[in-house]
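One-letter residues, chain by chain:
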Amino acid sequence: MSLKHSIDNIHFIRSVDDLCRKLQISESDLGFMLRKIPKLYRKSKIEKGNGELRILHKPDRQLLSLQKKIRKHILEPIPVDPCVHGYRKGRSSMTNAQVHAGNSYLAKLDIKGFFPSIHYTRVEKLFTKLGCSLDVSKILTRLTTHNYCLPQGAATSPDISNLILVEIDDILATKCERKDLVYTRYSDDTATSGNWNFSGLLDSFIEIIERNGFRVSREKTCFLGPSEQKEITGYITNEKVNVSKDRIRRLRATIHNCIMYGHSTQNIEDKPDFEASLKGQIQYVQRVNPHVGEQLLRMLHKVDWDA
């Protein structure tokens, strides 16, 4: 699916007046916000699924509200390939894993520094491709980028990233379909699986991604065979989608120790919101094993967070 094909019959903005009407903002207020943009973000950190910290740049209330309008009226109407499971209604990390369940071979590639690697010039070109005038494209780019790149934390970044990867998704999905393989992408994580040893194609997958202006994290690249445990976006996919017993055991032990000895004894990485971190891990379990998830949640409720 090319981007041009995706936007057929969709009306886009040709003038600043049209943009202001669509975003329900006066031209003077828009100009005032554009002048203030560098000061409208605050830096924060959240924990990723693997325990590492992710740097976020969150917009203030007014800019966030404007970004949500851009997302709703400009970005969301553009369809993306069915292989995309991240940042889409009705799709999730679990649906991403389900597609690969039971396949004997799996390749995983990770795009390095995904959002920060999307330069503002690519964002401006995207809006131009969507049919916006140059002036409108420049304004939309300023409203959706920070420090010359796509910020993690902006309401528009997920949709923009998906649209920028439309061509890569199309090439990889088509190539995989011809080879009787399944391809999906969840944010910057790509997964390809099948029932024959396609390890020889891995270099060509990497070349396609890097030829289109991104870098693959070689240290995170992996190819797994029939006898190995396969995990995709947090779920085990060897037979049916599940969460590993080891992950559940470690999570249960952590919560138990929080109850017995206090949560501070378990927060060894000094995470800013340890309770939210544990709840997020429980939610992973709940999606595929509601019974165990509820058990863990009941345990978590016994933790004294004020101690």
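Note that the structure is predicted; figures quoted are calculated from it, not measured.

(A) Focus on the pairing of strand S5 (residues 189-194). Counting buried residues in S5 gives 5 out of 6 residues, a clear majority hidden from the surface. Inspection of the sheet shows strand S3 (residues 105-110) paired to S5 by 6 bridges, in the antiparallel sense. Counted as the bridge partner of Asp110 is Asp189 from S5. Taken together, the 5 bridges between strand S4 (residues 182-186) and S5 define a ladder with antiparallel strand orientation.

(B) Quick peek at the packing of aromatic side chains. All told, the structure shown has 10 aromatic pairs when counted by the stated rule. Taking the centre distance of 6.5 Å and the plane angle of 50° together, the rings of Phe198 and Phe205 count as tilted. For Phe205, a relative accessible area of 2% puts it in the buried group. Both rings, one in Phe274 and one in Trp305, keep their centres 6.5 Å apart while their planes meet at 75°; by these two values the pair is edge-to-face. In this pair, Phe274 sits in helix H12 (residues 274-288) while Trp305 sits in the segment after helix H13 (290-300), placing the two residues 31 residues apart along the sequence. Judged by its relative accessible area of 7%, Phe274 falls in the buried class.

(C) A look at the packing of helix H2 (residues 16-23) against helix H4 (residues 61-75). Contact geometry of H2 with H4 gives a least axis separation of 9 Å together with a crossing angle of 100°. What the angle tells us is that H2 and H4 run roughly perpendicular. Together, Leu19, Lys22 and Leu23 of H2 and Leu66, Lys69, Ile70, His73 and Ile74 of H4 make up the contact between the two elements. Looking at the contact of H2 with H4, its residues break down into 5 nonpolar, 1 polar and 2 charged.

(D) The arrangement of helix H10 (residues 202-211) in detail. If you check which residues of H10 are buried, you get Leu202, Phe205, Ile206, Ile208 and Ile209. The buried residues of H10 occupy an angular sector of 160° when the element is viewed end-on, so they sit on one face. Exposed residues on H10 whose side chains face more than 90 degrees from its buried face are Asp203 and Arg211. Looking at the buried side of H10, the elements it contacts are S3, helix H9 (166-178), S5 and strand S6 (222-224). Gly213 occupies a position one or two residues after H10 and carries a positive phi of about 90°.

(E) Expanded view of the sheet that holds S4. The strand order across the open sheet formed by 4 strands is S4-S5-S3-S6, and the pairing between neighbours is antiparallel. The two strands at the open ends of the sheet, each matched to only one other strand, are S4 and S6. The average undirected angle you get between the axes of adjacent strands in this sheet is 15°. Running over the sheet, H9 touches S4 and S5 and is turned about 155° from S4. Where H10 meets the sheet, its contacts fall on S3, S5 and S6, and the angle it forms with S3 comes to roughly 25°.

(F) The arrangement of the packing of H12 against H13 in detail. Running from amino to carboxyl end, H12 crosses H13 at an angle of 160°, the nearest separation of the two axes being 6 Å. Considering their axes alone, H12 and H13 lie roughly antiparallel with respect to each other. Listed contacts from H13 to Glu275, Leu278, Lys279, Ile282, Val285, Gln286 and Val288 of H12 are Pro290, Val292, Gly293, Glu294, Leu296, Leu297 and Leu300. Of the residues contributing to the contact of H12 with H13, the split by class is 9 nonpolar, 2 polar and 3 charged.

(G) View of the environment of Asp81. Turning to its location among the elements, Asp81 is positioned in the loop between H4 and helix H5 (93-98). Under the relative-accessibility criterion, Asp81 is labelled buried at 14%. Here the alpha-carbon distance between Asp81 and Asn162, two residues 81 residues apart in the chain, equals 9.2 Å.

(H) Quick look at the nonpolar core. Of all hydrophobic cores here, the largest spans 59 residues; its most connected members are Leu19, Leu30, Ile74, Leu143, Phe205 and Phe214. Leave out the neighbours within four places in its chain, and Leu143 touches Leu30, Leu34, Ile37, Tyr41, Leu63, Leu66, Gln67 and Ile70. Membership of the second largest hydrophobic core comes to 22 residues, among which are Val241, Ile255, Val285 and Met299.

(I) Representation of unusual backbone geometry. Residues other than glycine seldom take positive phi values, yet Gln24 does so here, at roughly 55°. Along the chain, Gln24 turns up in the loop between H2 and helix H3 (27-36). At Tyr87, a position not held by glycine, the phi torsion is positive, near 65°. Structurally, Tyr87 is set in the loop between H4 and H5. Here Tyr87 falls in the partly exposed class, since its relative accessible area comes to 36%.

(J) Layout of the pattern of salt bridges. Evaluation of the coordinates by the stated rule reveals 10 salt bridges. In this structure, the salt-bridge partner of Asp169 is Arg185, at a minimum N-O distance of 2.8 Å. Taken together, the residues Asp169 in helix H9 and Arg185 in strand S4 connect sequence positions 16 residues apart. You'll find Asp169 and Arg185 in the same group, each marked buried.

Criteria and cut-off values
- Residue indices follow the written sequence of each chain, beginning from 1 at its first position.
- Where local features are concerned, this predicted model is filtered to residues with pLDDT of at least 70; where side-chain atom pairs are given and counted, the filter is 80 or more; whole-chain, interface and lining totals use all residues.
- Side-chain descriptors were evaluated using all non-hydrogen atoms of the structure, hydrogens and water having been removed beforehand.
- Only protein chains enter the accessibility calculation, which uses a 1.4 Å probe; a residue is then buried when its area is under 20% of its type maximum, exposed when over 50%, and partly exposed in between.
- Helical segments are the DSSP runs of H or I of at least four residues, strand segments are the runs of E of at least two, and each set is numbered from the N terminus.
- Here, any two strands with at least 2 DSSP bridges between them count as paired.
- Stacked, tilted and edge-to-face are the three classes applied to pairs of Phe, Tyr and Trp rings, where Trp contributes its six-membered ring and a pair requires centres within 6.5 Å; stacked means planes under 30 degrees apart, edge-to-face means over 60, and tilted covers the rest.
- For helices, the fitted line uses only the C-alpha atoms of the stretch in contact; every axis is such a line through C-alpha atoms, and the angle between N-to-C directions lies from 0 to 180 degrees.
- Note that the term roughly parallel is reserved for angles under 35 degrees, roughly antiparallel for angles over 145, roughly perpendicular for angles of 65 to 115, and oblique for everything else.
- Should any heavy atoms of two residues lie within 4.5 Å, those residues are considered in contact.
- Each residue receives one of three labels: charged for Asp, Glu, Lys and Arg, nonpolar for Ala, Val, Leu, Ile, Met, Phe, Trp, Tyr, Cys and Pro, and polar for the others, Gly being one of them.
- By definition, the arc is the one covered by directions from the helix axis to the C-beta atoms.
- What makes a nonpolar core is a set of buried Ala, Val, Leu, Ile, Met, Phe, Trp, Tyr and Cys residues whose side-chain atoms join them at distances within 4.5 Å.
- The rule for a salt bridge is simple: a side-chain nitrogen of Lys or Arg has to be within 4 Å of a carboxyl oxygen of Asp or Glu.

Such coordinate-based values are descriptive only and should not be taken to indicate function.
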